[in-house]
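Reading the structure
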Amino acid sequence: MNDVRDRSHRLNRADGIARHGRLPRRSPWGTLAKVLSGTLAVALVGSASVAAIAAKQVTDDLGEGVQIQGQPAVQPAGDVLSAYQGGFNMLVVGTDNDPAQGTQYGARDATLNDVNILLHVSADHTNATAVSIPRDLVTPIPACEKPDGSGTTSAMAARPINDAWGEGGLNCVVQTVQGLTGLDVQYSAAVSFNGVIEMSNAIGGVPVCVASPITDRYTGLDLPAGTTTLQGEQALEFLRTRHGVGDGSDLGRISSQQVFLSSLLRTVKSNETLTSPATLYKLARAAASNMQLSQSLNDVGTMVQMGRALQDLPLDQVNFVQYPGTTSGTGVYAGKVQPTKYLADELFAAIAADKSFSLGAGSTGIGSESAPGATAAPSESAAAAPVAPSARAAPEAPEAGAPSASASAGAATIEGLQGQSAAQETCSKAFGS
């Protein structure tokens, strides 16, 4: 597929929207740690012999792992059939220049971390938050050890976050995100275009709603209005599209991607993916073959335990949010994304304290909207057994776009954040709609 770069479309864009300063680089990566971790629950709940073969094959695919400053090498898990003990933070990075993909997505002069999603799972495994960090968010990038061991890079005071990969690979992205959020990132992974394709194929596709037809000649996407089950190349086209959704910016693409991610989690929950050894094995092989993992994550047993910790999370307690920022800044922030510090502080204080929270009405963002007449999936808290006392079940399913069920049970609402819960049914908005 050719990556057309006619810049005439810029005349139709809204003013003040952050855009990339180089040639368009569209990457998505959303399948996230929920799939990575949950899917790697392979067949270990099946027969011991089949489980051993599956685990060995996945282990062979993993490779040596990436060394991250401040993180020890992987400590092999003990009882792999038990759930992960405590909470964890995992960073999933999507890069746009995997040598294995050739030039079918266009020639690129550098590798950028264009998608950065930080997943936090609470210590009692009753809530989770996935924070999408805009690629043009301006932030300090610290001095990082070079991947070849030849020294360290120079620290930079204010750069778009997607410059971090070029400075020091996955390690430098982790160090940058830790400085930005104040959270300790224990695990990290980088995924390629091919990884998105193979993992969507393994799960059998994800149903995605679009409010009106979406076309994007840059990615080749052509979707009718309504719901379409996406997998393979078409799933990748949807996740990559920027020009086809919202206002044509990366911020619009993030909220559109959250339509896919929330539907993905509902699909995984509804079709019993997490209890199907065959499907889990296919997903495990797809993930292990198309991802770089930190050394701390490079152990099948650890990933199995993480998957078991995630499998009973209620959908209304999983939030996808965008790192708060504005595109109206000046100076170093002109044409980029300036962090909204007070809102970011509120978000990460809640995450650090493992506090469940909901989002205000109309929070879905510029690339998505509530599905007409849709209702959120009912809380699964009552069905999960056993769960910690802080997990709250919804008395009834709220309308999509309204605060999640947890809000009515006493959880705080963070007004001003853009995003949605995994229980909300939403649709992507076509460009200019």
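Now for a quick tour of the structure. Here the structure is a predicted model, which is why all the values come from computation and not from measurement.

Conventions adopted
Residues numbered from 1 in each chain as written. Predicted model: local features only at pLDDT ≥ 70, side-chain atom pairs only at ≥ 80, totals over all residues. Heavy atoms only, no water. Helix = DSSP H or I, 4+ residues; strand = E, 2+ residues; numbered from the N terminus. Buried < 20%, exposed > 50% of the residue type's maximum accessible area, 1.4 Å probe, protein only. Contact = heavy atoms within 4.5 Å. Phe/Tyr/Trp six-rings, centres within 6.5 Å; stacked < 30°, edge-to-face > 60°. Pairing = 2+ DSSP bridges. Axes fitted to C-alpha atoms, helices over the stretch in contact; angles between N-to-C directions.

1. Description of the environment of Q338
Here Q338 is to be found in strand β14 (residues 338-339). On the basis of relative accessibility, which here comes to 25%, the residue Q338 falls in the partly exposed class. Taking C-alpha positions, Q338 is 6.0 Å from V138, a pair spaced 200 residues apart along the chain. When residues no more than four places from it in sequence are discounted, the contact partners of Q338 are L137, P324, G325, T326, G329 and Y333.

2. Description of the packing of aromatic side chains
Scanning the model with the defined rule gives 5 aromatic pairs in all. Centre to centre, the rings of Y84 and Y187 are 6.1 Å apart; their planes meet at 80 degrees, and the pair counts as edge-to-face. Of this pair, Y84 sits in the loop between α2 (48-62) and β1 (88-95) while Y187 sits in strand β6 (residues 187-191), and the two are 103 residues apart along the sequence. Note on Y187: relative accessible area 9%, which makes it buried. With 5.6 Å between their ring centres and 40 degrees between their planes, Y323 and F348 make a pair best called tilted. Placement of Y323 in the loop between β12 (318-322) and β13 (325-326) and of F348 in helix α9 (residues 341-352) is noted, with a sequence separation of 25 residues between them.

3. Some points on the sheet that holds strand β7 (residues 206-210)
Ordered by their spatial adjacency, 4 strands build an open sheet running β10-β7-β19-β16, and the pairing between neighbours is mixed. At either end of the open sheet lies a strand with only one pairing partner, and these are β10 (226-230) and β16 (368-370). The sheet shows a mean angle of 45 degrees between the axes of neighbouring strands, direction not considered. Across 2 bridges, β7 lies against strand β19 (residues 426-428) in parallel orientation. Counterpart to V210 in the pairing with β19 is S428. Here helix α5 (residues 232-240) sits on the sheet in contact with β7, β10 and β19, set at roughly 120 degrees to β10. Relative to the sheet, helix α6 (residues 250-270) contacts β7, β16 and β19, its axis offset from that of β7 by approximately 140 degrees.

4. Some details on the pairing of strand β2 (residues 113-121)
Most of β2 sits inside the fold, with 9 of its 9 residues counted as buried. In the sheet, β2 pairs with strand β3 (residues 128-133) via 6 bridges, with the strands oriented antiparallel. Bridge assignment links N116 to a residue of β3, and that residue is I133. Two successive antiparallel strands, β2 and β3, enclose a turn made up of 6 residues, where H125 displays a positive phi of approximately 60 degrees.

From the geometry alone we can't say anything about function, so treat these as descriptive.
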